[in-house]
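A structural walkthrough
These are the residues of each chain, in order.
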Amino acid sequence: MLACLVFIGAGSGEATARGADLRGIANRRGIAGPEEMPTETARCEDLRSIVAGLDVPEGQRIDLWVSGPLTLVHTDDALWYLAICSEPGIRVMCVTYSDNGMKPGDNILIRGGMRILDETHLVLDPCLASRD
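Rules and cut-offs
- Residues numbered from 1 in each chain as written.
- Predicted model: local features only at pLDDT ≥ 70, side-chain atom pairs only at ≥ 80, totals over all residues.
- Heavy atoms only, no water.
- Core = buried A, V, L, I, M, F, W, Y, C linked by side-chain atoms within 4.5 Å.
- Buried < 20%, exposed > 50% of the residue type's maximum accessible area, 1.4 Å probe, protein only.
- Helix = DSSP H or I, 4+ residues; strand = E, 2+ residues; numbered from the N terminus.
- pLDDT = per-residue confidence, 0-100.
- Contact = heavy atoms within 4.5 Å.
- Salt bridge = Lys/Arg side-chain N within 4 Å of Asp/Glu carboxyl O.
- Disulfide = S-S within 2.5 Å.
- Pairing = 2+ DSSP bridges.

What to know about the nonpolar core
Membership of the largest hydrophobic core comes to 25 residues, with the highest contact counts inside it found for L47, L64, I110 and M114. Those elements giving two or more residues to this core turn out to be α2 (47-51), β3 (63-75), β4 (80-84), β5 (91-96), β6 (107-118) and β7 (121-131).

Right under this line is the structure:
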């Protein structure tokens, strides 16, 4: 439980998405401008190369679409916290409003506004989750 709460912390790679200056996101799997769809969905094993050197301008949102095995399902009775991907890789937490009946071990797709917490933790908030 404590690890979950510490982890929570709490965005098509077109360089001009919605008029924002998002240089450096083009051609990164799973990355898109706000509310846009990337050409490819990322997988857990892609995350290190996707976020390496990623520079998100202050106040800009970029979205990440990533699929992988669900490793954590937790609720505080208001929000649901779903995590995918395992250590030693980068873990991704999706802050959402429902678990949609998903259980640990299910392969799921999560997508939403990305925030990089540190070199091994990303948070998507807002986020949508569904079975992959």
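Regarding the confidence of the model for the protein
Considering every residue of the protein, the mean pLDDT works out to 84; 80% of them sit at 70 or more. Per-residue pLDDT stays below 50 along residues 1-21; that stretch engages in 55 contacts with residues further than four places along the chain or on separate chains.

Here's the deal with the environment of P104
Here P104 lies in the loop between β5 and β6. Take P104: its relative accessible area is 53%, and that puts it in the exposed class. Once the C-alpha coordinates of P104 and A83 are considered, the two residues, 21 residues apart in sequence, prove to be 9.0 Å apart. In contact with P104, not counting residues within four places along its chain, are L70 and V73.

A word on the pattern of salt bridges
Under the criterion given, the structure shown has 7 salt bridges. The shortest N-O distance in the salt bridge between R29 and E40 comes to 2.7 Å. Of this pair, R29 sits in the loop between α1 (2-8) and β1 (31-32) while E40 is found in the loop between β1 and β2 (42-43), placing the two residues 11 residues apart along the sequence. By relative accessible area, R29 is classed as partly exposed at 24%. Between D46 and R43 there is a salt bridge, and its shortest N-O distance comes to 3.5 Å.

Observations concerning the state of the cysteines
Counting across every chain of the model gives 2 disulfides. With its sulfur 2.0 Å from that of its partner, C44 forms a disulfide with C85. Between C44 and C85, the S-S dihedral sits near -80°, and the bridge is therefore left-handed. A residue pair is termed long-range when its members are at least 10 positions apart, and C44 in the loop between β2 and α2 and C85 in the loop between β4 and β5 qualify at 41 residues. Side by side, C44 and C85 carry an identical accessibility label, which is buried. With its sulfur 2.1 Å from that of its partner, C94 forms a disulfide with C127. One disulfide, between C94 and C127, carries an S-S torsion of -110° and so falls in the left-handed class. Taken together, the positions of C94 in strand β5 and C127 in strand β7 put the pair 33 residues apart, joining distant regions of the chain. C127 shares its class with C94; the two are buried. Taken N- to C-terminal, the disulfide-bonded cysteines of the protein are connected 1-2, 3-4.

Observations concerning the pairing of β5
In terms of burial, β5 is largely enclosed, as 6 of its 6 residues are buried. Neither face of β5 is exposed, since R91, M93 and V95 on one face and V92, C94 and T96 on the opposite face are all buried. Strand direction decides the pairing type here: β4 and β5, joined by 5 bridges, are antiparallel. Looking at β5, one finds that A83 is bridged to M93. Hairpin geometry of β4 and β5 is characterised by an intervening segment of 6 residues between the two adjacent antiparallel strands and by a positive phi of about 70° at C85. With 4 bridges connecting them, β5 and β7 associate as parallel partners. Residue pairing for β7: M93 is matched across the bridge by V123.

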